Amino acid sequence: MDQLANSTLAEPLDLVKLALGERVFIKLRGERTVTGILHAYDAHMNLVMSQAEESIHIVDVTDDGQALPPRVEKREVEMLFVRGDGVIMIAPAP
């Protein structure tokens, strides 16, 4: 197994290559997450995804500074381009 891993995983982006065509979970800056099928990527971590669901985690604050319970807004997108400078983490989708 170690020989296989060493021959196919020479650099970190090789892990992303293994996820092509698979459902992945992407954590983005700004309290956003995206789950969808990964179709393409580049060295800047720009991603092209399909059947994507974006979740935005929002914490509103009252006028006197008290945090309200967090809420999540979701939207579904057929095809999505994610700019690489916003990507924090890529993982297999649960």
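To keep things clear, this report deals only with the structure shown in the data block. Predicted model, so just to flag it, every value in this text is computed and none were measured.

Counting residues in each nonpolar core, the largest one holds 16 residues, and the members touching the most others are Ile 26, Val 34, Leu 38, Leu 47, Met 49, Val 82 and Val 87. At the level of secondary structure, the elements contributing two or more residues to this core comprise helix 2 (13-18), strand 1 (23-28), strand 2 (32-41), strand 3 (47-58) and strand 4 (71-82). Excluding anything up to four places from it in sequence, Val 34 contacts Val 24, Phe 25, Ile 26, Leu 28, Met 49, Ala 52, Glu 53, Glu 54 and Leu 80.

Residue Glu 31 is not a glycine yet carries a positive backbone phi of 60°. Residue placement: Glu 31 occurs in the loop between strand 1 and strand 2. Residue Gln 51 is not a glycine yet carries a positive backbone phi of 45°. Structurally, Gln 51 is set in strand 3.

Time to look at the pattern of salt bridges. Counting across every chain of the model gives six salt bridges. We note a salt bridge from Glu 73 to Arg 71, for which the minimum N-O separation is 2.6 Å. It is possible to trace a salt-bridge network through shared partners that takes in Arg 32, Glu 54 and Arg 75.

Right, let's get into a nonpolar patch on the surface. Taken together, Leu 9, Leu 15 and Leu 18 make up a surface patch of nonpolar side chains, about 290 Å² in accessible area. Within the secondary structure, Leu 15 sits in helix 2.

Here Glu 54 shows up in strand 3. What makes Glu 54 buried here is its relative accessible area of 9%. One polar contact links Glu 54 to Arg 32, side chain to side chain, over a distance of 2.7 Å. There is a polar contact of 2.5 Å between the side chain of Glu 54 and the side chain of Arg 75. When near neighbours in sequence (up to four residues on either side) are disregarded, Glu 54 contacts Arg 32, Thr 33, Val 34, Glu 73, Lys 74 and Arg 75.

Reading guide: rules and limits
- Every residue gets a number counted from 1 within its own chain, in the order that chain's sequence is written.
- Whole-chain, interface and lining totals are the exception, using all residues; otherwise, since this is a predicted model, local features are given only for residues with pLDDT of at least 70 and side-chain atom pairs are given and counted only at 80 or more.
- The side-chain figures draw on all heavy atoms in the structure; neither hydrogens nor water molecules are used.
- Put simply, a nonpolar core is a bunch of buried Ala, Val, Leu, Ile, Met, Phe, Trp, Tyr and Cys residues held in one set by side-chain atoms that sit within 4.5 Å of each other.
- Only protein chains enter the calculation, and the probe is 1.4 Å; a residue is then buried if its accessible area is under 20% of its type maximum, exposed if over 50%, and partly exposed in between.
- What counts as a helix is a DSSP run of H or I of at least four residues, what counts as a strand is a run of E of at least two, and both are numbered from the N terminus.
- We call two residues in contact whenever any of their non-hydrogen atoms come within 4.5 Å of each other.
- Here a salt bridge means any side-chain nitrogen of Lys or Arg lying within 4 Å of a carboxyl oxygen belonging to Asp or Glu.
- The patch calculation keeps residues exceeding 30% relative accessible area without a salt bridge and links them within 9 Å when they carry like charges or within 5 Å when they are nonpolar (Val, Leu, Ile, Met, Phe, Trp, Tyr).
- Every accessible area reported is derived by Shrake-Rupley at a probe size of 1.4 Å, with residue values counting cover from the shown protein chains alone.
- Think of a polar contact as two N or O atoms within 3.5 Å of one another; within protein, one of them needs to be a possible hydrogen donor and the other a possible acceptor, and neighboring residues in sequence only count if both atoms come from side chains.

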